[in-house]
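Per-entry structural report
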Amino acid sequence: MTNAERPKENQFDVVIIGGGMVGASMACALASLPIKIAIIEAYPFRSNNQPSYDARSIALAYGSKIIFETLGLWESLQQNATPIEHIHISNKGQFGVTRLHAKDENLEALGYVIENRLLGNSLLEKLNQYSNIHLICPAKLDDLNIHDDYAELNITQNDQAIRLQSKLVIGADGGNSKVREIIDIPEKTKAYKQTAIISNVSPGKPHDNIAYERFTNQGPIALLPMSDNRCSLVLTVNDENKDEVMAMDDTLFLQYLEERFGFRTGGFKKTSKRHAYPLSLMRIEEHYKPRAVIIGNAAHTLHPIAGQGFNLGLRDVAVLADTLANAIVEQKDVGETSVLENYAKLRSKDQKKVAFITDSLAKIYSNDFFLIAKARSKGLAVTDIMPTIKHRVAKEAMGLAGKLPKLSRGLPL
Ligand SMILES: Cc1cc2nc3c(=O)[nH]c(=O)nc-3n(C[C@H](O)[C@H](O)[C@H](O)COP(=O)(O)OP(=O)(O)OC[C@H]3O[C@@H](n4cnc5c(N)ncnc54)[C@H](O)[C@@H]3O)c2cc1C
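On a predicted model such as this, the values are computed, not experimentally measured, just so you know. (Residues numbered from 1 in each chain as written. Predicted model: local features only at pLDDT ≥ 70, side-chain atom pairs only at ≥ 80, totals over all residues.)

Moving on: the overall build of the protein. The secondary structure content of the protein amounts to eleven helices and 20 strands. Relative to its length of 413 residues, the protein is compact, with a C-alpha radius of gyration of 22 Å against a globular reference of 22 Å. Expressed along its principal axes, the backbone C-alpha trace of the protein runs to roughly 70 × 45 × 40 Å. Per-residue burial for the protein yields a buried fraction of 47% across its 413 residues. (Helix = DSSP H or I, 4+ residues; strand = E, 2+ residues; numbered from the N terminus. Rg over C-alpha atoms; globule rule 2.2 N^0.38 Å. Buried ≥ 20, exposed ≤ 12 C-beta atoms within 10 Å, placed from the backbone.)

Ranked by size, the top nonpolar core spans 113 residues in total, and within it Met26, Ala27 and Ile295 carry the most contacts. Sorting elements by how many residues they give to this core places helix H8 (residues 309–329) first, with ten residues. (Core = buried A, V, L, I, M, F, W, Y, C linked by C-beta atoms within 7 Å.)

Below, the discussion takes up the environment of Ile39. Within the secondary structure, Ile39 sits in strand E2 (residues 37–40). Using a count of 26 C-beta atoms within 10 Å as the deciding quantity, one classes Ile39 as buried. Remark: the alpha-carbon pair of Ile39 and Ile183, spanning 144 residues in sequence, is separated by 18 Å. If we skip the residues at most four places from it in the chain, Ile39 touches Ile16, Gly19, Gly23, Ala24, Ala27, Ile133, Leu135 and Ile136. (Contact = placed C-beta atoms within 7 Å.)

Further remarks concern the site of the ligand. Close to the ligand lie 36 residues; Gly18, Gly20, Gly174, Gly296 and Gly309 are nearest. Mapped by element, the contributors of at least two residues to the shell around the ligand are helix H1 (21–30), strand E3 (57–61), strand E9 (139–146), strand E12 (187–203) and H8. At four residues, the largest contribution of residues to the shell around the ligand is made by H8. Split into classes, the residues belonging to the shell around the ligand amount to 17 nonpolar, 14 polar and five charged. (Near = placed C-beta within 6 Å. Nonpolar A, V, L, I, M, F, W, Y, C, P; charged D, E, K, R; others polar.)

Moving on, we come to the sheet that holds strand E4 (residues 82–84). Overall, antiparallel pairing links the three strands, which are arranged E3-E7-E4 in an open sheet. What marks the edges here is a single partner per strand, and that holds for E3 and E4. On average, each strand axis in the sheet is tilted by 30° relative to the strand beside it, whichever way the strands run. Direction of pairing for E3 relative to strand E7 (residues 111–115): antiparallel, over a ladder of five bridges. Within E7, the position partnered with Ile58 by the bridge is Ile114. Against the sheet, helix H4 (residues 116–127) touches E3 and E7, its axis set at about 90° to E7. (Pairing = 2+ DSSP bridges. Axes fitted to C-alpha atoms, helices over the stretch in contact; angles between N-to-C directions.)

Bringing the pairing of strand E5 (residues 86–91) into the picture now. The two faces of the sheet receive side chains in turn, since in a regular strand these alternate between them. Sheet topology places E5 next to strand E6 (residues 97–101); five bridges connect them, and they run antiparallel. Residue pairing across strands places Ile87 opposite Leu100, the latter belonging to E6. Across six bridges, E5 lies against strand E13 (residues 210–216) in parallel orientation. Bridge pairing links Ser90 to Arg214 in E13.

Over its 21 residues, H8 extends 31 Å from the first C-alpha to the last, a length consistent with the 30 Å expected when each residue adds 1.5 Å. Buried residues dominate H8, accounting for 18 of its 21 residues. Positive phi appears at Gln331, one or two residues downstream of H8, with a value of about 55°. (Expected span 1.5 Å × (residues − 1).)

Here we come to the environment of Lys188. Mapped onto the elements, Lys188 comes out in strand E12. Each C-alpha atom, one on Lys188 and one on Leu281, is 8.0 Å from the other, the two residues being 93 residues apart in sequence.

The next subject is the packing of H1 against H4. One way to put it is that H1 packs onto H4 with a least axis distance of 10 Å and a crossing angle of 30°. The orientation of H1 relative to H4 falls into the category roughly parallel. In the packing of H1 onto H4, the handedness of the crossing is left-handed. Contact with H1, carried on its side by Met21, Ala24, Ser25, Ala27 and Cys28, involves Leu119, Leu123, Lys126 and Leu127 of H4 and no other residues of that element. Grouping the amino acids of the contact of H1 with H4 by side-chain chemistry returns seven nonpolar, one polar and one charged. (Parallel < 35°, antiparallel > 145°, perpendicular 65-115°, else oblique. Left-handed = near helix turned anticlockwise from the far one by under 90°.)

This paragraph deals with the pairing of strand E17 (residues 275–284). Taken together, the nine bridges between E12 and E17 define a ladder with antiparallel strand orientation. By the bridge assignment, Thr189 is partnered in E17 with Met282. As defined by bridge partners, E17 adjoins strand E20 (residues 300–301) across two bridges and the pair is classed as antiparallel. Among the inter-strand pairings, Met282 is bridged to a residue of E20, identified as Thr301.

So, on to unusual backbone geometry. Put simply, Cys137 and Pro138 share a cis peptide bond, and its omega is 0°. If you trace the backbone, Pro138 turns up in the loop between strand E8 (133–136) and E9. The phi dihedral of Asn158 is positive, around 45°, even though this residue is not glycine. Among the structural elements, Asn158 can be located in the loop between strand E10 (151–157) and strand E11 (160–171). Of note, the phi angle at Asp184 is positive, near 65°, even though the residue is not glycine. Tracing the backbone through its elements, the reader meets Asp184 in the loop between helix H5 (178–182) and E12. Asp184 sits in the exposed class, given 8 other C-beta atoms within 10 Å.

Structural data, given as C-alpha cells:
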C-alpha cells in the first residue's frame, strides 16, 4: 500500500511511543498545536504493571511546576502535591550541612512531591480532554521504517497488527527504548552496582516540609515530605546488600534505616512495601535520526541521587514543543531534519551538565575514602555560608538555570 492509499485515520503528524511521565507530558504539551497526535503505550495507565506510574514518588522541581501550570495540569496535580519548603543536605558522621530555603528564593516552595500513580491519573485525565490526541493503549511498537516523507510504524494492539504513518516519531519509551534501538542511536551505559530501595515511611516527628539528602558511606538516602506526615524514601544500597535489605522484616528494616539515616526525624515508625531499582547511567551523543527523536529516559537515564531524571525529561518536552511550534509557524514539516537538529542543539548542554553533576555526586558521595569524605563535608559547610553559591545550587535544583523555553517561563506555545 502506498502512502496516498493508507487510510486517513492511520496518518498522524506526530506519534509518541511511550505514554509514561515524559511521553504523556509531551502529548499534553503539543495538544494546542494544529496537528494530529497518537500516543502508543504498552500498559494501561492504572495497571499495577505500569512501569512509569508505579509506587514511587517524584520530586518535581519548581521549574517543572511552572511547565505543568502552563499546560493547565497544575490545578489537578496541586491537590496531591506536598511542597518542599526546605532542603537539608548532610554527610553522616561528618560536620558540614547545606540548607536551602524557599523563602530565600522568594518562592512558596523549592519543589513539590507527588506520587507517580497520581501524576499518571492527572495526565490521563488531561489527555482524554483533547480531540487531536489519540491514545492507543495497551499497544506496543514492534517496528519502524523510515521513508523520505514519513515514518511507518508497526504496532500490536490486542494481538492485532496495525500500521500507522507519521511525519515525526518521538521515542519516549524509557531506558530500554525500542525506538532508540531501531533507529540505531548508540548509547553508553555504566552500572553503578547500586540499587535504590524505595518505600513510604512515617517519621517519629512532623516532617515540616523538609526534604533530606543524607550521604552515608554505603550510598545516599533521600527522604521527601508527603501527605499525612509520610516521607518518600529512596535508600541506596550496594548491590551485594540488596537481597539482605529487601528480605528484612519491617521492624528490622526500620532499625537499619535509623542506623543509616540517624535520628534527625525522630526515628521511623512505619514503612510501606519496598521496591528495588537497579541504578545505571545511560547517555547518548545523537538525539535524532531522520523523522525520529528520543527524549526523557530513552535519551538519558540518571542516578536518582538529586531527583533530576524526570525534571530533565520535562525540559526535553518543553524545548521540543517550542521547536515544533516554531516549525509549524514557519510552515515546515515537523519531521524535517533541520527542525530536529535545532532541538538537539538546544538540549545537549543541559542534558550533559545534569548527567555530569548527578554522576559526580554519585561517585563523590558513595566514596568512603577519608580525604574525599573530609572534602565533601567542607564543601557542604562552605556552600551553607556562601549565599551566591547557595542561590546557584538552588537555581540548578529547581530547573531554573540557563535559557528557558516558553513553557518554562509560563508562556503558552
Ligand atoms: C528510585 C527512583 C527515584 C526517582 N526519583 C526521581 C525524582 O524524585 N525526580 C525526578 O525528576 N526523577 C526521578 N527519577 C527518574 C524518573 O523516574 C525517570 O526519569 C522517569 O520515569 C522517566 O520517564 P519516561 O517517561 O522517560 O520513561 P519511563 O518512566 O520508563 O516510561 C516509559 C514508558 O514507555 C512505555 N513503553 C516502553 N516500550 C514501549 C513500546 N515498545 N511500545 C509502547 N510503549 C512502550 C512503558 O510502558 C512506559 O510507560 C527516579 C528514578 C528512580 C529509579
